[in-house]
Amino acid sequence: MHLGEVEREMARLDALYRPVATAPVDVSNPDAMITACTGVDRELGAINADGRSVAVLRAVVERYAEGDDLVRGAIRGLFERYQWFRWGAALPRDWTTAAELRAHLILFSARDQGADARDELLGLRDLLARARRHGIDPAPALAEVAAMSSDTDRYGMGSTRAILRLAVGT
């Protein structure tokens, strides 16, 4: 899948994810927050986008890893532009190999801290904890992906490159 195809598919999936992501939650209902997650999961299942979004993300990971700074910047721009895709699309959460860790880290780099660096940092912490539970040394993948990451400090918490370099030491 070339970058133009990736963008077209991201745009299409973004339009599918948007109504789910932006649906109102009745906060006057005490059970609303408890049932909101179940409702979101049900709605995401109904749009049946998982397979397509994983295919797009795998293409993104491949293009990002093989690309130069211009390609990587363009991909980061796609994640900025298609925020609902960024919100809803995910690689499989049940992974066990160093190659899968690398793919998740590349996606972390491509998302470039998303809409909220704190959420992304929590996700990174979970990725690294999972790697360690599976006996995977994350340092080589962290160093590799840090080198391809943005050096722009978007939210005053450090650039994605700096964050990944710091994580190498953890």
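Just above, that's the structure.
All chains use their own residue numbering, which begins from 1 and follows the written sequence. Selection of residues for local features in this predicted model requires a pLDDT of at least 70, selection of side-chain atom pairs for listing and counting requires 80 or more, and totals for whole chains, interfaces and linings are taken over all residues. As a rule here, side-chain values cover all heavy atoms of the structure and leave hydrogens and water aside.

Caption draft 1: Inspection of the overall build of the chain at higher detail. Here a helix means four or more residues in a row that DSSP labels H or I, a strand means two or more in a row labelled E, and each is numbered from the N terminus. Helix and strand counts for the chain come out as nine helices and zero strands. Helices (α) and strands (β) of the chain occur, in sequence order from the N terminus, as α-α-α-α-α-α-α-α-α. Categorising residues by exposure relies on relative accessible area from a 1.4 Å probe, with only protein chains included: less than 20% of the type maximum marks a residue as buried, more than 50% marks it as exposed, and the intermediate range marks it as partly exposed. Here the chain, with 170 residues, has 41% of them falling under the buried criterion. Residue contacts are defined here by distance: any two heavy atoms, one from each residue, within 4.5 Å place the two residues in contact. In the chain, the proportion of contacts linking residues at least 24 apart, taken out of those at least 6 apart, comes to 73%. Calculation of accessible area relied on Shrake-Rupley with a 1.4 Å probe; when residues are assessed, cover is drawn exclusively from the protein chains displayed. Approximately 9,200 Å² of the chain is accessible, and the part contributed by carbon and sulfur atoms is 54%.

Caption draft 2: Spatial organisation of unusual backbone geometry. The phi dihedral of Asp112 is positive, around 45°, even though this residue is not glycine. Locating Asp112 in the fold gives a position in the loop between α6 (98–111) and α7 (117–133). For Gln113, which is not glycine, the phi torsion reads 75° and is therefore positive. Inspection of the secondary structure assignment puts Gln113 in the loop between α6 and α7.

Caption draft 3: The arrangement of the nonpolar core in detail. Residues belong to a common nonpolar core when they are buried Ala, Val, Leu, Ile, Met, Phe, Trp, Tyr or Cys residues joined through side-chain atoms within 4.5 Å. Core analysis: the biggest nonpolar cluster contains 39 residues, and Met10, Val60, Phe79, Phe85, Leu105, Leu124 and Leu164 have the highest contact counts within it. Those elements that provide at least two residues to this core are α1 (3–22), α3 (50–66), α4 (69–81), α5 (83–88), α6, α7, α8 (139–147) and α9 (160–168). The biggest single contributor to this core is α6, with seven residues. For Met10, the residues in contact, after removing those within four places along its chain, are Val56, Val60, Leu78, Phe79, Tyr82 and Phe85.

Caption draft 4: Up close: the environment of Ala99. Among the structural elements, Ala99 can be located in helix α6. Between the alpha carbons of Ala99 and Ile136 there is a distance of 10.0 Å; along the sequence they are 37 residues apart.

Caption draft 5: Up close: the side chain of Glu9. Among the secondary structure elements, Glu9 is positioned in helix α1. You can call Glu9 buried: its relative accessible area is 17%. When sequence neighbours within four positions are dropped, the list of residues in contact with Glu9 reads Arg52 and Val56.

Caption draft 6: Looking closely at the packing of α4 against α6. Contact pair α4 / α6: the axes reach a minimum separation of 8 Å and the direction vectors enclose 75°. With respect to each other, α4 and α6 are oriented roughly perpendicular. Counted together, Ile75, Arg76 and Phe79 of α4 and Leu107, Ser109, Ala110 and Arg111 of α6 form the full contact between these two elements. Tallied by class, residues from the contact of α4 with α6 come to four nonpolar, one polar and two charged. Angles here are taken between N-to-C directions and fall from 0 to 180 degrees, while the axes themselves are lines fitted to C-alpha atoms, restricted in helices to the stretch in contact. Here is the rule for angles: anything less than 35 degrees is roughly parallel, anything more than 145 is roughly antiparallel, 65 through 115 is roughly perpendicular, and the remaining ranges are oblique. For this scheme, ten residues count as nonpolar: Ala, Val, Leu, Ile, Met, Phe, Trp, Tyr, Cys and Pro. Four count as charged, namely Asp, Glu, Lys and Arg, and the remainder, Gly too, count as polar.

Caption draft 7: Region of interest: the environment of Gln113. The buried category is assigned to Gln113, whose relative accessible area is 1%. Along the primary structure Gln113 and Ser159 are separated by 46 residues, whereas in three dimensions their C-alpha atoms are 8.5 Å apart. With sequence-adjacent residues up to four places away left out, Gln113 is seen in contact with Phe108, Glu120, Arg154, Tyr155, Gly158, Ser159, Thr160 and Ile163.

Caption draft 8: Quick peek at α6. Expected span, for any helix, means 1.5 Å times one less than how many residues it has. If you check α6, its first and last C-alpha atoms are 20 Å apart, about what 14 residues at 1.5 Å a residue would give, namely 20 Å. Most of α6 is tucked away, with ten of its 14 residues classed as buried. Among the residues making up α6, those that are buried are Leu101, Ala103, His104, Leu105, Ile106, Leu107, Phe108, Ser109, Ala110 and Arg111. Among the residues trailing α6, Asp112 stands out with phi positive, at a value near 45°.

Caption draft 9: Region of the structure containing the pattern of salt bridges. By convention in these notes, a salt bridge is any Lys or Arg side-chain nitrogen within 4 Å of a carboxyl oxygen on Asp or Glu. In the structure shown here, the tally under the stated rule is eleven salt bridges. With a closest N to O distance of 3.8 Å, Arg63 and Glu66 form a salt bridge. Residue Arg63 and its partner Glu66 are both found in helix α3; the two are separated by three residues, about one turn of the helix. One salt bridge in this structure joins Asp116 and Arg118, with 2.8 Å as the shortest N-O distance. Three or more residues joined by partner-sharing salt bridges are found here, namely Glu62, Arg63 and Glu66.

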